[in-house]
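# Observations on the model geometry
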Amino acid sequence: QVQLVESGGGLVQPGGSLRLSCAASGNIFSCYAMGWYRQGPGKQRELVASITTGGTINYADFVKGRFTIFRDNAKNTPHLQMNSLKPEDTAVYYCYTTCQRIGVVWGQGTQVTVSS
């Protein structure tokens, strides 16, 4: 069993920063990737960033160097540092992990609102 609890969302002005965290627990040794999707108003859910157990990192084009995904020493708690936030970053951000024989497990989502 794998569970994800994410935190760090909130309201921030354009140009500001937020850090999202995703605490993973349970039987996670078969999990090989973690990251975030987001879903803005009237939009489809889209991948933001991911990181694998091998250290491979992928970013969506719209991040444009503004976001950084990293994980702690336990390798089961990723963080998404979001800098230079734009109004179009407003969305619910969903942490996920992909695990062998389990599939995809989702966090509960956290709201990020970028507005002046």
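Scroll up for the structure.
Residues numbered from 1 in each chain as written. Predicted model: local features only at pLDDT ≥ 70, side-chain atom pairs only at ≥ 80, totals over all residues. Heavy atoms only, no water.

Core analysis: the largest hydrophobic core is formed by 27 residues, its most contacted members being L4, W36, V48, F67, L80, M82 and Y93. Contributions of two or more residues to this core are made by β1 (2-7), β3 (18-26), β4 (31-39), β5 (46-52), β7 (67-71), β8 (78-82), β9 (91-99) and β11 (110-114). In contact with F67, not counting residues within four places along its chain, are R38, V48, Y59, L80, Q81, M82, N83, L85, D89 and Y93. (Core = buried A, V, L, I, M, F, W, Y, C linked by side-chain atoms within 4.5 Å. Buried < 20%, exposed > 50% of the residue type's maximum accessible area, 1.4 Å probe, protein only. Helix = DSSP H or I, 4+ residues; strand = E, 2+ residues; numbered from the N terminus. Contact = heavy atoms within 4.5 Å.)

Once that is clear, we can look at the state of the cysteines. Inspection of the entire model under this criterion finds two disulfides. Across the disulfide from C22 sits C95; the S-S distance is 1.9 Å. Between C22 and C95 the disulfide shows an S-S torsion of about -90°. By sign, it is left-handed. Note that C22 is positioned in strand β3 and C95 in strand β9, a separation of 73 residues in sequence. Of the residues examined, C95 reaches a relative accessible area of 0% and is grouped as buried. Between the sulfur of C31 and that of C99 lies a disulfide, 2.0 Å long from S to S. Here the S-S torsion is close to 85°, and the disulfide linking C31 with C99 is therefore right-handed. Of this pair, C31 sits in strand β4 while C99 is found in strand β9, placing the two residues 68 residues apart along the sequence. Here the two residues C31 and C99 agree in accessibility, since each one is buried. (Disulfide = S-S within 2.5 Å.)

Quick look at the side chain of S50 now. In this fold, S50 is placed in strand β5. You can call S50 buried: its relative accessible area is 8%. Not counting residues up to four positions away in its chain, the partners in contact with S50 are M34, G35, T56, I57, N58, I69 and Y96.

To continue, consider the packing of aromatic side chains. In the structure shown here, the tally under the stated rule is three aromatic pairs. An angle of 70° between the planes, with centres 5.2 Å apart, marks the rings of Y37 and Y96 as edge-to-face. Taken together, the residues span a long stretch of sequence, with Y37 in strand β4 and Y96 in strand β9 at a distance of 59 residues. A ring pair is formed by Y96 and W106, whose centres lie 5.9 Å apart and whose planes are at 50°; its orientation type is tilted. Placement of the pair is Y96 in strand β9 and W106 in strand β10 (residues 103-106), with a sequence separation of 10 residues. Connected via pairs of aromatic rings, a cluster forms that spans Y37, Y96 and W106. For the cation-ring pair, R45 lies above Y94, with the distance from its terminal atom to the ring centre recorded as 3.8 Å. (Phe/Tyr/Trp six-rings, centres within 6.5 Å; stacked < 30°, edge-to-face > 60°. Lys NZ or Arg CZ within 6 Å of the ring centre and 35° of its normal.)

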